[in-house]
Amino acid sequence: MRKNIGLLVGGMIFSLGFLPSVAQAPKQVFDRQVAAMVEALRLAAPKTNTINDGLYSAWQVRPETLKGWSKYCLKKEVTPTQFENSPALARQVVSCITRRELNNQYTTHQNNEIAAVRGVACWWMTGKYTGCNNGFTGAYVQKVVEYYQQQRSKPVSNTSQIKS
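This structure is a prediction, so every number in the text was calculated from the model and none was measured.

(A) Looking closely at the confidence of the model for the chain. Considering every residue of the chain, the mean pLDDT works out to 82; 78% of them sit at 70 or more. Under a pLDDT of 50 for its full length, residues 158-164 has, in the predicted model, 16 contacts with residues more than four places off or in other chains.

Next up, the structure:
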């Protein structure tokens, strides 16, 4: 019995050595950061000026993308028409995905907020987190960053941390 307790305590101490310290733990994004990113993506969405361009809502989302996102966020598929016709539903899905991606990018970039925003903006446009440094995608990412910073600078009265 005493040997088992010693092994248990020794194993716990050994395991704790592999846990990251609190100072190194990834930061989780706050509601206001998600809201700022969602709005920045909306404001920066390319305007195609084409009716029936195959992109839906103010965020210009593709139907095949929407299918996966709505399953992930709502546990059910949403049609492009539902997404297009309900700004609240569109914002809910986009916020959910944005929260997930911002949290991932915060971890990847050691809590560097602007690097995380750049990563999410690049992913939003290309499906990749890097490689959006010039050309059309570079300009798009820069526009998202600028809109994000504008949105983040607005005063917020109630902020709560988002739990993943």
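From this point, the narrative continues.
(B) Just the packing of helix α2 (residues 31-44) against helix α7 (residues 135-152), in detail. Two elements in contact, α2 and α7, have axes separated by 8 Å at closest approach and are oriented at 135 degrees. As far as their axial angle goes, α7 and α2 are oblique. Handedness of the crossing formed by α2 with α7: right-handed. Note on element contacts: α7 touches α2 through Y140, K143, V144, Y147, Y148, Q151 and R152, opposite R32, Q33, A36, M37, E39, A40, L41, L43 and A44. Grouping the constituent residues of the contact of α2 with α7 by class yields 10 nonpolar, 2 polar and 4 charged.

(C) Focus on unusual backbone geometry. With phi around 65 degrees, K75 is a residue other than glycine that occupies positive phi space. Tracing the chain through its elements places K75 in the loop between α3 (63-74) and α4 (80-85). A residue is classified by how much of its surface remains accessible, and K75, at 68% relative accessible area, is exposed. Of note, the phi angle at N111 is positive, near 70 degrees, even though the residue is not glycine. Residue N111 is classed as partly exposed on the basis of its relative accessible area of 28%.

(D) Spotlight on the environment of G68. By secondary structure assignment, the location of G68 is in helix α3. Residue classification places G68 among the partly exposed residues on the basis of a relative accessible area of 39%. Separated by 10 residues in the primary sequence, G68 and V78 place their C-alpha atoms 9.3 Å from one another.

Calculation rules
- Residues numbered from 1 in each chain as written.
- Predicted model: local features only at pLDDT ≥ 70, side-chain atom pairs only at ≥ 80, totals over all residues.
- Heavy atoms only, no water.
- pLDDT = per-residue confidence, 0-100.
- Contact = heavy atoms within 4.5 Å.
- Axes fitted to C-alpha atoms, helices over the stretch in contact; angles between N-to-C directions.
- Helix = DSSP H or I, 4+ residues; strand = E, 2+ residues; numbered from the N terminus.
- Parallel < 35°, antiparallel > 145°, perpendicular 65-115°, else oblique.
- Left-handed = near helix turned anticlockwise from the far one by under 90°.
- Nonpolar A, V, L, I, M, F, W, Y, C, P; charged D, E, K, R; others polar.
- Buried < 20%, exposed > 50% of the residue type's maximum accessible area, 1.4 Å probe, protein only.

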